[in-house]
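Secondary and tertiary structure notes
Here are the chains, one letter per residue:
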Amino acid sequence: MNEMDQARRDLVIANRILAREDVVDAYGHVSMRHPQDPGRYLLSWSRSPELVEGGDIVEFTLDGKKVSADNRPPYLERFIHGAIYEARPDVQAVIHSHAEDLLPYGITHAKLPPVIHSGSVIGNDVPIWDIAEKFGRATNLLVVNMEQGRDLAKTLAGNRLALMRGHGFAAAGRSLMDAVRIGVYAPKNARVHMAALRLGVPLPLHPGEIEARTDLFNPNTAEMWRAWEYWARRANVADLLGEPPKAAKGTSRN
Ligand SMILES: [Zn+2]
């Protein structure tokens, strides 16, 4: 199978996982940078992630234009993706979600720290973007043009996750699997943090701990594949899985 076909399949898997794990519902989306052209990205047309199939994946330029003629309507908020790819050459995949567990933090400007080991994926700092600050108090809250996308990307800066006030979040991954990992674990981390607040003052992970976990989850490790394969099975798309990386052939270590 060629690289583009596998990229489309992986993106279908990512869509289905995020739907199955309740990170997205009818709304929300996930994209990946084009594997052969960093000036483009792959994203479904405006379908719910649960329903996305290979033929739904469309190529866009970073400013949100379709590369080839296609009458299917795109996501209104595709500019979130292109603006982050434009600002962050290190980012290979982007998720936009309205996951409820993170919304209270964006509304109150309460800090969302990583507090559990799997929550290390959100990074040390989770900035909050408020569309009203630059675009006034009468927007529909959606990111519907590049100017708004670029402003969000500016707030995200070099971080892995940015909250969007009263709306959701944008996550930036070093790979598609990495982005999915942020999408799945950020809400879990928020739930544990909320529960801990009832008992006392939660202790965040130390920066050194976050750093120490970064390399565990690059796409070529057995640890990453283990989760990807598990989530794909839960989402009933294991048949789309590609070849596991060499490190993952054999017994997983933890
Ligand atoms: Zn949205």
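For the structure itself, consult the block above.
Keep in mind that this is a model prediction, so the values were computed, not measured.

Reading the values: the criteria
Residues numbered from 1 in each chain as written. Predicted model: local features only at pLDDT ≥ 70, side-chain atom pairs only at ≥ 80, totals over all residues. Heavy atoms only, no water. Donors = N, O, S within 2.8 Å, 3.2 Å for Na, K, Ca; no water. Tetrahedral: all angles 85-135°; square planar, octahedral: opposite > 155°, others 65-115°. Helix = DSSP H or I, 4+ residues; strand = E, 2+ residues; numbered from the N terminus. Buried < 20%, exposed > 50% of the residue type's maximum accessible area, 1.4 Å probe, protein only. Contact = heavy atoms within 4.5 Å. Phe/Tyr/Trp six-rings, centres within 6.5 Å; stacked < 30°, edge-to-face > 60°.

1. Quick notes on the coordination of the zinc ion
Each protein donor to the zinc ion is listed here as Glu77 (OE), His96 (NE2), His98 (NE2) and His167 (NE2); together their distances run 2.0 to 2.1 Å. Note that the zinc ion binds four donor atoms; their angles at the metal cover 96 to 141°, and the shape is irregular. On the primary sequence, the residues serving as donors to the zinc ion are separated as E-x18-H-x1-H-x68-H. With Glu77 in the loop between strand S3 (57-61) and helix H2 (79-87) and His96 in strand S4 (residues 93-97), the pair connects residues that are 19 residues apart, well separated along the chain. For the pair Glu77 and His96, one class covers both residues: buried.

2. Points about the side chain of His193
Tracing the chain through its elements places His193 in helix H6 (residues 176-197). Once residues lying within four places of it in the same chain are set aside, the contact partners of His193 are Tyr105, Lys111, Pro113, Val115 and Pro202.

3. Quick notes on the packing of aromatic side chains
Both the distance between ring centres and the angle between the ring planes are used here to describe each pair of aromatic rings. Applying the stated rule across the entire model yields three aromatic pairs. With 5.5 Å between their ring centres and 20° between their planes, Tyr41 and Phe60 make a pair best called stacked. Here Tyr41, found in strand S2 (residues 40-44), pairs with Phe60, found in strand S3; they are 19 residues apart in sequence, far enough to count as distant. On the basis of relative accessible area, Tyr41 is assigned to the buried category, the value being 0%. On the numbers, 6.0 Å between centres and 55° between planes, the contact of Tyr185 with Trp231 is tilted. In this pair, Tyr185 is assigned in helix H6 and Trp231 in helix H8 (residues 222-234), connecting sequence segments 46 residues apart. Here the two residues Tyr185 and Trp231 agree in accessibility, since each one is buried.

Purely spatial values, then, with no claim about function.
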